[in-house]
Amino acid sequence: SVTNSCGTAHAIHVIYVNDCDTATNEGVTSPGLPGKGPGPASKGEVTLWPNPARDVVTIINAANCDVRMYDVIGREVYSLSVISDNDVLDIGRLVPGVYVVRIVNSSAGVSVTMRLVIQ
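Just so it is clear, the model here is predicted, and its values are computed rather than measured. (Residues numbered from 1 in each chain as written. Predicted model: local features only at pLDDT ≥ 70, side-chain atom pairs only at ≥ 80, totals over all residues. Heavy atoms only, no water.)

Draft legend 1. A look at the nonpolar core. In this structure, Ile59, Met69, Ile91, Ile103 and Leu116 are the most contacted members of the largest nonpolar core, which totals 21 residues. Counting only elements with at least two residues in this core, the list comes to β6 (46-49), β7 (56-60), β8 (65-70), β9 (76-82), β11 (97-105) and β12 (110-118). Considering each element in turn, this core owes the most residues, four residues, to β12. The contact partners of isoleucine 91, leaving out residues within four places of it in the chain, are Ala53, Arg54, Asp55, Val56, Val57, Met69, Leu116 and Ile118. (Core = buried A, V, L, I, M, F, W, Y, C linked by side-chain atoms within 4.5 Å. Buried < 20%, exposed > 50% of the residue type's maximum accessible area, 1.4 Å probe, protein only. Helix = DSSP H or I, 4+ residues; strand = E, 2+ residues; numbered from the N terminus. Contact = heavy atoms within 4.5 Å.)

Draft legend 2. Looking closely at the environment of valine 110. Relative to the helices and strands, valine 110 resides in strand β12. Judged by relative accessible area, valine 110 falls into the partly exposed class, the value being 25%.

Draft legend 3. Examining the environment of leucine 116 more closely. With respect to the helices, strands and loops of the structure, leucine 116 is situated in strand β12. The sequence separation of leucine 116 and aspartate 71 amounts to 45 residues, and the corresponding C-alpha distance is 10.0 Å. The contacts of leucine 116, once residues within four sequence positions are left out, are Leu48, Pro50, Asn51, Ala53, Val57, Met69, Ile91, Gly97, Val98, Tyr99 and Val101.

Draft legend 4. Examining the pairing of β8 more closely. On β8, burial follows the alternation: Cys65, Val67 and Met69 on one face are buried, whereas Asp66, Arg68 and Tyr70 on the facing-out side are not. Bridge count for β8 against β9 is six bridges, and the pairing is antiparallel. Following the sheet pairing, methionine 69 is matched in β9 by tyrosine 78. Joining the antiparallel neighbours β8 and β9 is a turn of five residues, in which glycine 74 adopts a positive phi near 90°. (Pairing = 2+ DSSP bridges.)

Draft legend 5. View of the sheet that holds β9. Taken together, four strands build an open sheet; the order of strands is β9-β8-β11-β12 and the sheet is antiparallel. If you trace the sheet from one side to the other, it starts and ends with β9 and β12, each paired once. Taken over all neighbouring pairs, the strand axes of this sheet differ in orientation by 20° on average, direction set aside. As defined by bridge partners, β8 adjoins β11 across five bridges and the pair is classed as antiparallel. Within the sheet, the bridge partner assigned to valine 67 lies in β11 and is isoleucine 103. (Axes fitted to C-alpha atoms, helices over the stretch in contact; angles between N-to-C directions.)

This is the structure in structure tokens:
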């Protein structure tokens, strides 16, 4: 786990490919934002799945949050307001690479930052 400057611990799941070229441990999770109930991620953790992704990525436990995605040089390339606890992001127009995903709940004053790999 990694602890941010506010003292919040974030769980990092390692993504690797085994000898059969099958991706495992595909989800990237972080502690849930306030008010989130349990879901597919344990105890309300915000989850991006699958990761790496190709055309779509599902974001779990991020209702009422704003999602912003940035490329490696810091340009915002995607933004969306998530309404439900299980929403699908269409990332098919983005070029393959590594992106930073920032999920913000402004009313609660909480944000989570994750890395997403697009193949």
